[in-house]
Amino acid sequence: MTKHAHIEVRLRPRGGRDELIGMRAGVLQARVAAPPVDGKANRALCKLIAKRVGVAPSCVSVVRGEKSRDKVVHVEGVDPNTLRKALA
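Predicted model only: the values in this text are computed from it and were never measured. (Residues numbered from 1 in each chain as written. Predicted model: local features only at pLDDT ≥ 70, side-chain atom pairs only at ≥ 80, totals over all residues. Heavy atoms only, no water.)

Novice: Talk me through the sheet that holds strand E1 (residues 4–12); I want residue IDs and the actual numbers.
Specialist: Strands sit in the order E2-E3-E1-E5-E4 across an open sheet of five strands; the sheet is mixed. At either end of the open sheet lies a strand with only one pairing partner, and these are strand E2 (19–24) and strand E4 (60–64). When the angles between neighbouring strand axes are averaged without regard to direction, this sheet yields 40°. Sheet analysis places E1 next to strand E3 (residues 27–31), joined by four bridges and oriented parallel. Residue Arg12 lies in a different strand from E3, and its bridge partner there is Arg31. Packing of helix H1 (residues 40–53) onto the sheet brings it into contact with E1, E2, E3, E4 and strand E5 (70–76), and relative to E4 it is tilted by some 130°. Where helix H2 (residues 80–87) meets the sheet, its contacts fall on E1, E2, E3 and E5, and the angle it forms with E1 comes to roughly 30°. (Pairing = 2+ DSSP bridges. Helix = DSSP H or I, 4+ residues; strand = E, 2+ residues; numbered from the N terminus. Axes fitted to C-alpha atoms, helices over the stretch in contact; angles between N-to-C directions. Contact = heavy atoms within 4.5 Å.)

In structure tokens, the structure reads:
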């Protein structure tokens, strides 16, 4: 059985730098320097989460909210508890 997890994210594009700020009410707060154009901010977010969790960037994808600040991100290769610990 493949391990995977989802996490809700509130993303702030053009935030000056790429960083995961922390959890607020169960939602991961993040900001990226990339603009919200042509999926650049989403790709930056996926890279940022992948690096923190320790998986390949191809294992992280936005499954809901591609054009919104509120997103649901799918991560392959980790269980939900491991994901939350890595991002806390």
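Picking up after the structure, the text goes on.
Novice: Which residues make up the pairing of E3, and what values do they have?
Specialist: For a regular strand, the rule is simple: side chains alternate between the two faces of the sheet. Counted residue by residue, E3 has five buried out of five residues, so it is predominantly covered. Bridge analysis of E2 against E3 gives five bridges, and the strand direction is antiparallel. Its bridge partner lying in E3, Met23 is registered against Leu28. (Buried < 20%, exposed > 50% of the residue type's maximum accessible area, 1.4 Å probe, protein only.)

Novice: I'd like to hear about the pairing of E1, residue by residue, with values.
Specialist: A one-sided burial pattern is seen for E1, the buried positions being Ala5, Ile7, Val9 and Leu11 and the unburied ones His4, His6, Glu8, Arg10 and Arg12. Sheet analysis places E1 next to E5, joined by seven bridges and oriented antiparallel. Bridge pairing in E5 places Arg10 opposite Asp70.

Novice: Account for the pattern of salt bridges, with residues named and values stated.
Specialist: Pairing is possible between side chains of opposite charge, provided their charged atoms come close. The final tally for this structure, using the stated rule, is three salt bridges. With a shortest N-O distance of 3.6 Å, Glu19 and Arg17 are connected by a salt bridge. Arg31 is the salt-bridge partner of Glu19, the closest N and O atoms lying 2.1 Å from each other. Of this pair, Glu19 sits in strand E2 while Arg31 sits in strand E3; the two residues are 12 residues apart in sequence, bridging distant segments of the chain. Arg31 sits in the buried class, given a relative accessible area of 18%. Look at the salt bridges and you will find they share partners, linking Arg17, Glu19 and Arg31 into a network. (Salt bridge = Lys/Arg side-chain N within 4 Å of Asp/Glu carboxyl O.)

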